[in-house]
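Structure at a glance
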Amino acid sequence: MATVYSRTWKSGKVRWYTKIKLALEWKPLLLRGVKTEAQAKKLALELEKERERACLGLETGTPFLGTFAELCAFAFEVHFRKQASAQSDGSRLRTHAGDVEKGTATKLGATPARRLKSSDFTSYLEALTETTTVRGEPYSGTSINRIRANFRAVFEIARAHGHWIGPNPLAATKAQPELEASHDILKAEEIDPTLEAMDPYWRGCFAVGIFAALRKGEIFGLMKDDVDLDRRVLKVRRSHGRQTTKGGRHEEVPVHEALVPFLEEWLDSPGPLLFPATNGKRRHEKTDMPRILQAAMVRAGFIDHYELKCRRRGCGYGTTAPSDAKADCPECGFRLWPTPRARKVTWHEGTRHSSGSHMLMNGASIASVQKILRHKDPKLTLNTYGHLTEGFMGEEVN
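These remarks concern the structure in this document. (Residues numbered from 1 in each chain as written. Predicted model: local features only at pLDDT ≥ 70, side-chain atom pairs only at ≥ 80, totals over all residues. Heavy atoms only, no water.)

On to the packing of helix 12 (residues 347-361) against helix 13 (residues 366-373), then. Geometry of a packed helix pair, given as the angle between the helix axes and the separation of the axes. At their nearest, the axes of helix 12 and helix 13 sit 10 Å apart, and the two run at 160° to each other. Between helix 12 and helix 13, the angle is such that the two are roughly antiparallel. Relative to helix 13, the crossing made by helix 12 is right-handed. Of the residues in helix 13, those in contact with R352, G356, M359 and L360 of helix 12 are I366, V369, I372 and L373. In terms of residue class, the contact of helix 12 with helix 13 is built from six nonpolar, one polar and one charged. (Axes fitted to C-alpha atoms, helices over the stretch in contact; angles between N-to-C directions. Helix = DSSP H or I, 4+ residues; strand = E, 2+ residues; numbered from the N terminus. Parallel < 35°, antiparallel > 145°, perpendicular 65-115°, else oblique. Left-handed = near helix turned anticlockwise from the far one by under 90°. Contact = heavy atoms within 4.5 Å. Nonpolar A, V, L, I, M, F, W, Y, C, P; charged D, E, K, R; others polar.)

This is the structure in structure tokens:
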């Protein structure tokens, strides 16, 4: 039976220890997260069983003694940080487990990882269906399933590094039903005016997005060495500052004739980056690109509605209207201030989705569009990026 003992720290807290044999001497080991003698004996026994498995040559590893938030931080450091989706994956882990650097943790994240069971994660994921995001919107099935996938990956990464033995607790959880996402793309007649109305600082980025179907991170990560105008190709090799793309591959994309002048203009800019920021460095990955696109759409005259707000201090009344007709605040009588707004087209929809959809509607083969969008599966190209407009479908029916 493993030996356990307690020590009282200067802070007055009682901590439990066991002893492990390293080389020829015994060393004390702090049992983190343990509060009672029974818990200490149980964990010490687990450690002893692991040593026995190692002696017998069976699968073994060093049990992770930290919290689930700390396990997530470990997984992010050794795996997620190197992926093209590092920003979104890291944000999910910090939101739903905790931020170790800031010392914050959710109830799930504060629990020692070894104590978590499938039922704990099932309860947490089911509770998310009745809560809202930081933006005040309800969690969708797709969002919850992404959190579940990240948690599942955390334990698989821990297993690969010898920190987890046994079944993955997320394997027994069930995925949430997902509604098919709807996307809004730019119409053919909106592309050129929006491009013309775009601020010159962003116009080249939008041109690459719409004519070459590159993602935001791939655009910001482009170097001048990636542009080969003689062969008319762009070498897509990185996303933001990471030396990989979302698909994990380095590929070449053909350059549209309309894209050439934009590339030539930015090739004359200083520095190795194709689209450097004003300080010469890479543009920030958290830049609000949807706002930039929608502002250009408004300047181009594609106004969907108006936001009417009362600017009287302390009032805060707001509503929407189809026009900018004069109206007074129903609460205080002040004149409402109208602000034109475009449709909520995201940057990804306005560039990559729009590009793929218009290629298909103009007769390009699925195989060609799949190659240009760099998808592994043509089903993804057709089902996710094939947004056929009502006008096009009407012509097809006729």
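On to the pattern of salt bridges. Inspection of every chain in the model, using the stated rule, returns 16 salt bridges. Between E218 and R215 there is a salt bridge, and its shortest N-O distance comes to 2.7 Å. With a closest N to O distance of 2.9 Å, R374 and E218 form a salt bridge. With a gap of 156 residues between them, R374 in the loop between helix 13 and helix 14 (378-385) and E218 in helix 9 (residues 216-220) connect regions that are remote in the sequence. Residue R374 is classed as buried on the basis of its relative accessible area, which comes to 7%. Among the residues examined, E218 registers a relative accessible area of 1% and is labelled buried. Among the ionic contacts, a cluster of salt bridges with common partners joins D184, E190 and R343. (Salt bridge = Lys/Arg side-chain N within 4 Å of Asp/Glu carboxyl O. Buried < 20%, exposed > 50% of the residue type's maximum accessible area, 1.4 Å probe, protein only.)

Let's shift gears to the state of the cysteines. Across all of its chains, the model carries zero disulfides by this definition. With no disulfide of its own, C310 lies 3.4 Å from the sulfur of C332, the closest cysteine sulfur. Overall, the relative accessible area of 24% leaves C332 in the partly exposed class. (Disulfide = S-S within 2.5 Å.)

Right, let's get into the environment of T122. Within the secondary structure, T122 is located in helix 5 (residues 118-128). Between the alpha carbons of T122 and T173 there is a distance of 5.7 Å; along the sequence they are 51 residues apart.

A few words on helix 8 (residues 200-212). Look at helix 8: 18 Å from first C-alpha to last across 13 residues, which is about the 18 Å you get at 1.5 Å a residue. By the criterion of burial, helix 8 is predominantly enclosed, with 10 of the 13 residues buried. When we look at burial in helix 8, the residues that qualify are W202, G204, C205, F206, A207, V208, G209, I210, F211 and A212. N-cap assignment for helix 8: the residue whose side-chain oxygen lies 2.8 Å from the backbone N of Y201 is D199. Of the residues trailing helix 8, A213 is marked for its positive phi of about 60°. (Expected span 1.5 Å × (residues − 1). Polar contact = N/O pair within 3.5 Å; in protein donor to acceptor, adjacent residues only side chain to side chain.)

A cluster of basic residues, K35, K42, R115 and K117, forms a positive patch at the surface. Within the element layout of this structure, K42 appears in helix 1 (residues 37-55). (Patch = residues over 30% accessible without salt bridge, like charges linked within 9 Å, V, L, I, M, F, W, Y side chains within 5 Å. Areas by Shrake-Rupley, 256 points an atom, 1.4 Å probe, with all protein chains shown as cover. Lys, Arg positive; Asp, Glu negative; His and termini not counted. Charge placed at Lys NZ, Arg CZ, Asp CG, Glu CD.)

Before going further, it helps to examine unusual backbone geometry. In this model, A213 sits at a positive phi of 60°, which is unusual for a non-glycine residue. Inspection of the secondary structure puts A213 in the loop between helix 8 and helix 9. Located in the positive-phi region is R232, a residue other than glycine, with phi close to 60°. Here R232 is to be found in the loop between strand 4 (227-228) and strand 5 (233-236). Residue classification places R232 among the partly exposed residues on the basis of a relative accessible area of 38%.

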